[in-house]
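What follows is the residue order along each chain.
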Amino acid sequence: MKGNIVLGTLAMLGLIGAVALVAVRELDRMETAQRAYDARAVESGALEFENRCRPCHGPQGGGSPLAPALNSADLFDGSRLQAAGYTGTVEDYVRGVIAAGRPIPSAGTNYPQRMPTWGEEYGGPLRDDQVDALVLFIMNWKDRALAAGGGAPAIAPDQAVGTDVAQTLPEGDPENGKILAEGSLGCAACHLLSNAGPAWTADGANPGIATRAGERLAETGYAGQAETPDQYLLESVVNPNIYLVDGFQAGIMPANFATRLTHQDAADLIAYMLTFE
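Residues numbered from 1 in each chain as written. Predicted model: local features only at pLDDT ≥ 70, side-chain atom pairs only at ≥ 80, totals over all residues. Heavy atoms only, no water.

A. Geometry of the overall build of the chain. When helices and strands are tallied, the chain shows 12 helices and 0 strands. Along the chain direction, N to C, the helices and strands of the chain fall in the order α-α-α-α-α-α-α-α-α-α-α-α. Scored against the burial criterion, the 277 residues of the chain give a buried share of 34%. Across the chain, every contact between residues at least 6 apart in sequence was considered, and the portion connecting residues at least 24 apart equals 59%. Of the roughly 15900 Å² that the chain leaves accessible, carbon and sulfur atoms contribute 55%. (Helix = DSSP H or I, 4+ residues; strand = E, 2+ residues; numbered from the N terminus. Buried < 20%, exposed > 50% of the residue type's maximum accessible area, 1.4 Å probe, protein only. Contact = heavy atoms within 4.5 Å. Areas by Shrake-Rupley, 256 points an atom, 1.4 Å probe, with all protein chains shown as cover.)

Pasting the structure below:
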């Protein structure tokens with residue numbers, strides 16, 4: 001009798017152990033499956049961002065004159081939410097803004113574009129799973145954005161390029177100029193990905209900005225100080241409202257690049273613009 005009890009007890013313990021092992025493995029399997037699902041969702045969100053968000057929020061969410069940066073410490077550390085009076089989580093905030101849109105810009109901002117409604121439940125084109133994928137993709141920037149902190153250090157006044165268009169700049173590196181244009185400066189959002197600013201690329205009968213820069217100098221009404229195409233491109237960056245191309249208005253192009261760019265940054269950016277013939 002005792003032997004049967006012992007055997008029964010051992011069998012029960014063995015069964016419990018087997019169930020526990022299966023449970024542990026199932027948890028591992030579920031975690032692995034969840035990671036794989038999230039990875040696929042991030043990839044899907046990246047495609048949605050590229051197609052729908054990049055023109056305004058810039059490459060890699062770096063921001064532009066049209067919309068704020070998403071790959072930014074102030075979003076993930078909660079300071080932007082606090083300024084907006086939002087008390088929920090960053091993830092919920094991002095999801096809500098994507099789904100419902102923003103009919104008016106945040107206080108203290110003057111972005112010309114309004115955040116459209118994307119979620120189906122609010123009349124937009126995206127299903128819930130597509131919105132969730134976008135949220136996962138944006139949240140994927142969190143660690144990198146927080147590590148970067150407040151961004152690049154301020155440029156000392158004697159290092160900034162200023163507004164003198166006749167100055168001699170160092171030799172420019174177009175590859176670094178491309179990085180600046182598609183990254184921290186946000187130029188690509190207005191000049192390459194949308195029509196918010198004069199296009200840099202050639203289009204049909206219209207040549208690229210490198211060729212048009214020389215033509216601008218001869219246009220009636222040109223009121224700037226540039227005498228060469230290079231000087232015109234510098235002037236259009238550091239003093240953008242001195243001459244407005246027909247069809248575009250003042251105030252869209254940031255007016256602070258003269259204090260944000262070093263002489264080398266300006267040279268690199270112009271070298272990149274000169275590749276668009």
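So, next bit.
B. Spatial organisation of helix α7 (residues 174–182). If you check which residues of α7 are buried, you get Gly177, Leu180 and Ala181. Along the long axis of α7, the arc covered by the buried residues comes to 95°, so they all point the same way. Of the residues in α7, the exposed ones pointing more than 90 degrees away from the buried face are Glu175 and Ile179. Taken together, the buried residues of α7 touch α8 (187–191) and α12 (263–273). Among the residues of α7, the N-terminal cap falls to aspartate 173, whose side-chain oxygen and the backbone nitrogen of glutamate 175 are separated by 3.0 Å. (Arc of directions from axis to C-beta. Polar contact = N/O pair within 3.5 Å; in protein donor to acceptor, adjacent residues only side chain to side chain.)

C. Broad picture of the packing of α7 against α12. It is at 7 Å that the axes of α7 and α12 come closest, and there the two elements cross at 95°. In terms of orientation, α7 lies roughly perpendicular with respect to α12. Mapping the contact onto sequence places Pro174, Asn176, Gly177, Lys178, Leu180, Ala181 and Glu182 in α7 and Asp265, Asp268, Leu269, Ala271 and Tyr272 in α12. Counted by class, the contact of α7 with α12 contains 6 nonpolar, 2 polar and 4 charged residues. (Axes fitted to C-alpha atoms, helices over the stretch in contact; angles between N-to-C directions. Parallel < 35°, antiparallel > 145°, perpendicular 65-115°, else oblique. Nonpolar A, V, L, I, M, F, W, Y, C, P; charged D, E, K, R; others polar.)

D. Spatial organisation of the pattern of salt bridges. If you walk through the whole model with that rule in mind, you get 8 salt bridges. The salt bridge involving glutamate 219 is made with arginine 216; its shortest N-O contact spans 3.0 Å. (Salt bridge = Lys/Arg side-chain N within 4 Å of Asp/Glu carboxyl O.)

E. Broad picture of the nonpolar core. In terms of nonpolar packing, the biggest core is built from 26 residues, with Trp200, Tyr232 and Leu269 touching the most fellow members. Elements with a minimum of two residues in this core: α7, α9 (209–216), α10 (229–238), α11 (257–260) and α12. Setting aside chain neighbours within four positions, we find leucine 269 in contact with Gly177, Ala181, Leu185, Cys187, Trp200 and Val237. Grouped together as the second largest cluster of nonpolar side chains are 22 residues, Leu70, Tyr93, Val135 and Met139 included. (Core = buried A, V, L, I, M, F, W, Y, C linked by side-chain atoms within 4.5 Å.)

F. Broad picture of the packing of aromatic side chains. Counted under the stated rule, the structure contains 9 aromatic pairs. Between phenylalanine 49 and tryptophan 141 the ring centres are 5.4 Å apart and the planes differ by 85°, which places this aromatic pair in the edge-to-face class. In this pair, phenylalanine 49 sits in helix α1 (residues 2–57) while tryptophan 141 sits in the loop between α5 (128–139) and α6 (142–148), placing the two residues 92 residues apart along the sequence. Residue classification places phenylalanine 49 among the buried positions, given a relative accessible area of 2%. Residue classification places tryptophan 141 among the buried positions, given a relative accessible area of 4%. Aromatic ring contacts, followed pair by pair, group Phe49, Phe137 and Trp141 into a single cluster. (Phe/Tyr/Trp six-rings, centres within 6.5 Å; stacked < 30°, edge-to-face > 60°.)

G. Region of interest: the side chain of histidine 191. Of note, histidine 191 is situated in helix α8. Beyond its immediate chain neighbours, meaning those up to four positions away, histidine 191 contacts Gly197, Pro198, Ala199, Trp200 and Met253.

H. Region of interest: a nonpolar patch on the surface. A cluster of nonpolar side chains, Met12, Leu15 and Ile16, forms an exposed patch at the surface whose accessible area comes to about 310 Å². Along the chain, leucine 15 falls in helix α1. (Patch = residues over 30% accessible without salt bridge, like charges linked within 9 Å, V, L, I, M, F, W, Y side chains within 5 Å.)

I. Region of the structure containing the packing of α9 against α10. At their nearest, the axes of α9 and α10 sit 8 Å apart, and the two run at 95° to each other. If you check the angle between α9 and α10, you find them roughly perpendicular. Of the residues in α10, those touching α9 at Ile209, Ala213, Gly214 and Arg216 are Pro229, Tyr232 and Leu233. Residues of the contact of α9 with α10, tallied by class, amount to 5 nonpolar, 1 polar and 1 charged.

J. Fine view of helix α4 (residues 90–100). For α4, the full list of buried residues reads Val90, Tyr93, Val94, Val97, Ile98 and Ala99. At its buried positions, α4 is contacted by α2 (73–76), α3 (79–84) and α5. At the exit of α4 stands glycine 101, carrying a positive phi of roughly 80°.

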